[in-house]
Amino acid sequence: MNPHPSTEPATEPATEPATEPETGTAPHPATGRAHATVPGQATGPATAIEAPAPAEPLTTVHRASAAPEPLTTAHDVPAPAEPLLDQVSIALVAPGADPRWTLTDLTDLPGPGGLRALDVHAPGAPVEIRLSVPLGDATGYWHPQGGWRRTLVPDWAGRTTTCLVDGPAAGSLYEHSGATLLTWAAADPVTEATVRYGVSEENDTHVVHLRLPAADRPHRLLLAPRAPSVAAALRPLRAHFAAAHPPMPVPDAARVPVYSTWYAFNQDVTAEAVETQAALAAGLGCGALILDDGWQRYGSGRGYSGVGDWTPDPAKFPDLTAHVARVRARGLRYLLWAAPLLLGPGADCHPRWTGAAPRPATVPGAHVLDPRLPEVRAHVVGLCVRLVAEHGLDGLKLDFLDEAAVYAGDGGGDVGHAMTTLLAELRAALEAVRSDVLIELRQPYTGPGMAPYGNMLRSFDCPADATANRVRTLDTALLAVGGAVHSDMLLWSADAPPEAVARQLIGALHSVPQISVRLDRVPEAHRETVRFWLGWWRTHRELILDGETEPGRPDDLYPLVTAVRGEECLISVHGDRVVPLDTAAHRVFHLVNGTGGDRLVVDVTGGGGTVSARVHGPDGRMMGDRPTPLPEGPGPLNVPRGGLVSLTLTEGPR
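Residues numbered from 1 in each chain as written. Predicted model: local features only at pLDDT ≥ 70, side-chain atom pairs only at ≥ 80, totals over all residues. Heavy atoms only, no water.

## A closer look at the packing of aromatic side chains
- With the rule as written, the count across this model stands at 6 aromatic pairs.
- Here the aromatic residues Trp295, Trp310 and Trp337 are joined through ring pairs into a cluster of three or more. (Phe/Tyr/Trp six-rings, centres within 6.5 Å; stacked < 30°, edge-to-face > 60°.)

This is the structure:
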């Protein structure tokens, strides 16, 4: 399922006066969640579940107070700065320790070279690593939790917390040309951390302050060499993470278009309705189906007060196992939605588990089971295995794993490490039932540390927003390791023109598309558009998913995206940009028109030549197939909005 637009995550109400400062409870920039980072919090996890303690009232949250944090980094506790590399300087703060750092080259990695390891030694002490770069022509700062905040922000506004299920600690500062000035990532994507970043107005620099807990081993940061783009700078980081955290196998079934029930039905879903959609979806090119929220008992009301039992609603799914078998007989793999860490007061099992879920979730109606408890981990593994084995499923869509972060920093143990244990046990148990099991994960928990535990990595919710789908899937792919990146489910109105349907599909073009409309209630023209684009996508899947993708500057929202594999080049155009075509580098070009006009402007280099031009409209109709001269220099190409042209060089310098 997905967070609800009408229920923005709320920070927890404090019992102290609003004027009393609190350390580490600034709202998370991406989720609005307040993450407490002061040890010794009074609301620790329960230690047993046989005789659970009463849950604390939702209006009571105990917090420790501390000295206020300086408003800007210029007023932090001073620390001597030293040159690190290029124009980057470093300073270290580690109370009670004498911190030191070393910088070494990492030469044993596949792919692009130049990656360096910054090791910070401060045994037994928490450490703050401060990096600083002169502003120069800096234009934007990308990081995995940035959302729409991808231009420069002041250091008094840049805050984020990270752990395994709340986004990796990483970032890239870039200039107007797109070239990077600083690209970094914590080598450990699991441990809880806090990042402060932004422009220091006092020092005319951009800073990154990374706070890490005490450890008995050096803290390692990975520094990528300067590169022409953020995507290019992150490639060696992906190579490192792939080697350090071998990803879960990705079966072919994770790389096929998906039909999801969520936007089409929300919680008003039945076996009969799903089977109707399954038959149509299979005929249009989908290879998998996800039954989202609403299949379970007490699954209604767009909230989570009834979750926790994970048994089928007998009125909606009187025989879920037989239903799954009928859908699979259509040639579709079948995944079931579950949020195994959520516990609602309406669930039958609530009295047994309430003591293991002391904290409220940031989504309405539920508390969060504490994954640091062994009995919780055993419970989650057991219920997930039961669902797959009992109903003959191909896999699970695991939602709201990031809710575990409500326990971050409370002094009861590291949430990231607990989730690593839980997910490792879960993968092993599920693979024992089904070796090619499918597991969907969702932003923000799609980072490198999660690579061993999921093979379908879905972008965050953006119903009917083709731009957000493009941006979020490309953001996910920048640090995705192993798994296939999936779009959020595509949603459109039944009265939309075919080009609007095509625009939704084009927004998801550089990922595995998921669709979620009632296919029996849209016009035939819509189904033809879906059939064409899903078929075209499947034909060019290796280029799209396995090619080298260059999306451009993050703050531009990726208006011109290029994917290259061998002599084939795909360029999707989403804004008023001139499209470069180098006929000396590639023989085949696919230009996809995601703009609002019926013409693209290209700039041909490499000698030009004669091409075979195949033009398709948004619904796939052939609108041209003839030899066309393609001279060097700028010029227009007639391509219908929501359509594409494929150019194959037949004569020329090549």
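## Details of the sheet that holds strand S20 (residues 438–442)
- Judged by pairing direction, the barrel is parallel, and its 8 strands sit side by side in the order S13-S14-S15-S19-S20-S21-S22-S23 before closing back on the first. Between one strand and the next, the sheet's axes are offset by a mean angle of 25°, whatever the strand orientation.
- Along the sheet, helix H6 (residues 374–391) makes contact with strand S15 (333–338) and strand S19 (395–398), crossing S19 at roughly 140°. (Pairing = 2+ DSSP bridges. Helix = DSSP H or I, 4+ residues; strand = E, 2+ residues; numbered from the N terminus. Axes fitted to C-alpha atoms, helices over the stretch in contact; angles between N-to-C directions. Contact = heavy atoms within 4.5 Å.)

## Quick notes on the sheet that holds strand S1 (residues 82–85)
- Taken together, the 6 strands give an open sheet; going across it, the order is S1-S2-S5-S11-S10-S7, and neighbouring strands pair in antiparallel fashion. With partners counted over all chains shown, the strands left at the sheet margins are S1 and strand S7 (158–162), one partner each. Taken over all neighbouring pairs, the strand axes of this sheet differ in orientation by 25° on average, direction set aside.
- Both S1 and strand S2 (residues 88–93) contribute to a ladder of 3 bridges, which runs antiparallel. Bridging across to S2, Glu82 finds its partner in Ile90.

## A short note on the pattern of salt bridges
- The final tally for this structure, using the stated rule, is 40 salt bridges.
- One salt bridge in this structure joins Arg434 and Asp436, with 3.3 Å as the shortest N-O distance.
- Asp436 gets classed as partly exposed once you look at its relative accessible area, which sits at 27%.
- Here Arg641 and Asp598 are joined by a salt bridge, their closest N and O atoms 3.1 Å apart. A residue pair is termed long-range when its members are at least 10 positions apart, and Arg641 in the loop between strand S32 (633–638) and strand S33 (644–651) and Asp598 in the loop between strand S28 (588–593) and strand S29 (599–605) qualify at 43 residues. (Salt bridge = Lys/Arg side-chain N within 4 Å of Asp/Glu carboxyl O. Buried < 20%, exposed > 50% of the residue type's maximum accessible area, 1.4 Å probe, protein only.)

## Here we look at H6
- For H6, which comprises 18 residues, the first-to-last C-alpha distance of 26 Å matches the rise-based estimate of 26 Å (1.5 Å per residue) to within 8%.
- Burial in H6 covers these residues: Val376, Arg377, His379, Val380, Val381, Leu383, Cys384, Leu387, Val388 and His391.
- At its buried positions, H6 is contacted by helix H4 (320–328), S15, helix H5 (350–353), S19 and helix H7 (415–433).
- Just past H6, the residue Gly392 takes up positive phi, approximately 65°. (Expected span 1.5 Å × (residues − 1).)

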